[in-house]
Amino acid sequence: MFAVFAIIFLFSVIKIVPQGREFTVERFGKYTKTLTPGIHILTPFVERIGRRMNMMEQVLDVPTQEVITRDNAMVKVDGIVFIQVMDAAKAAYRVDDLTYAIAQLCMTNLRTVVGSMELDEVLSQRDSINTRLLHVIDAATEPWGIKANRIEIKDLTPPVDITNAMARQMKAERERRAVITEADGEKQAAIARAEGAKQAAILEAEGRKEAAFRDAEAREREAEAEAKATAMVSEAIARGDVNAINYFVAQKYVEAFAELARSPQQKTVIVPSEMGALVGTIAGVGELVGLAKEQQQGRTDARQAAPRAAPRRSGGSVPTTE
């Protein structure tokens, strides 16, 4: 009996507090001190352990509730809150049921915050709701020795009809974006085609300009060549070269015959039966030119011989040569 009494006495006097916990000590029912983790010795029959408080961070579930928003939409909201006991004595003696009190506090403030917002704001501004709730709950639990670290909205469920309307709205919005994107693509394609046509027109105009420049240059060179040819033919004729004038006359004859054949009003073209007639014509022209050349040469010789014959005659008339 003495051994049993000794064991009971030791267990009532020596207290070991585990890590993450704190015990309150009451003397004759009055709070006196808080035991931190470690081993402690109490006064027998005078002091006893009052409350065993969990000093680690705890997660409390906020029950689901229906909240009416400012635009009269009914939504179901639930969440979670992360709390930590900072003062064991306050948490033990200033509130009766700590977890129940914090859950009710979260529910009422969640109803207040969500009820002051419209449905679109509630669905899109969860971070703002969390911040406002955290500020309110932290201020409310500070006298209890509790620190609210975080609060999160876990689920927001609008009514079925509103969900269907939101789905139709989202579909219409995406179709509108698709139409705008398609129109923008057609616009860019039209601009690209117009730019291509513009560049093609510019290149075509530059090509025509270059071609006209080349044609003018070719005509200029052709005119220079023709002028040189005409000058050479004229010099050849002046020197008495019959072949040059034959070539010149034949060329003009062929060009005139070609123009006659190309005339739009010419329905019938008479071609000589013997192509040798052209050669004969050219030969006849050549003979005429040769005759004219001989006559010109005779006159020149007569004029040169007249001055040499004049001193030999003493009188009379001076013969003339025609």
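About the criteria used
- Residues numbered from 1 in each chain as written.
- Predicted model: local features only at pLDDT ≥ 70, side-chain atom pairs only at ≥ 80, totals over all residues.
- Heavy atoms only, no water.
- Helix = DSSP H or I, 4+ residues; strand = E, 2+ residues; numbered from the N terminus.
- Buried < 20%, exposed > 50% of the residue type's maximum accessible area, 1.4 Å probe, protein only.
- pLDDT = per-residue confidence, 0-100.
- Contact = heavy atoms within 4.5 Å.
- 1 Å grid on protein atoms, 1.4 Å probe; cavity = no way out; pocket = protein on both sides within 12 Å on 5 of 7 lines; lining within 4 Å.
- Points joined across faces, edges and corners; volume = space filled by probe spheres on them.
- Pairing = 2+ DSSP bridges.
- Axes fitted to C-alpha atoms, helices over the stretch in contact; angles between N-to-C directions.

Caption draft 1: Looking closely at unusual backbone geometry. Even without being a glycine, Phe45 presents a positive backbone phi close to 65 degrees. Tracing the sequence through the fold places Phe45 in the loop between strand S4 (38–41) and strand S5 (47–54). Taking relative accessible area as the criterion, Phe45 reaches 70% and is therefore assigned exposed. Non-glycine residue Asn72 carries a positive phi angle of around 65 degrees. Note on placement: Asn72 falls in the loop between strand S6 (58–68) and strand S7 (74–85).

Caption draft 2: Fine view of the confidence of the model for the protein. In this model, the protein carries an average pLDDT of 79, and 74% of its residues clear a pLDDT of 70 or more. Taken together, the stretch residues 309–322 has pLDDT below 50 and engages in two contacts with residues farther than four places along the chain or on a different chain.

Caption draft 3: Main features of empty space enclosed by the protein. The final tally for this structure, using the stated rule, is one cavity of 30 Å³ or more. Space inside the largest cavity adds up to approximately 40 Å³. Forming the boundary of the largest cavity are Val62, Gly79, Ile80, Cys106, Leu110, Leu133, Ile151, Glu152 and Ile153. The biggest single contributor to the lining of the largest cavity is strand S8 (residues 146–157), with three residues.

Caption draft 4: Focus on the sheet that holds S6. Spatial ordering of the open sheet is given by S6-S7-S8, a layout of three strands whose pairing is antiparallel. Among the strands making up the open sheet, the edge pair consists of S6 and S8. Averaged over all adjacent pairs, the angle separating strand axes in this sheet is 20 degrees, with direction ignored. Along the sheet, helix H3 (residues 98–115) makes contact with S6, S7 and S8, crossing S6 at roughly 40 degrees.

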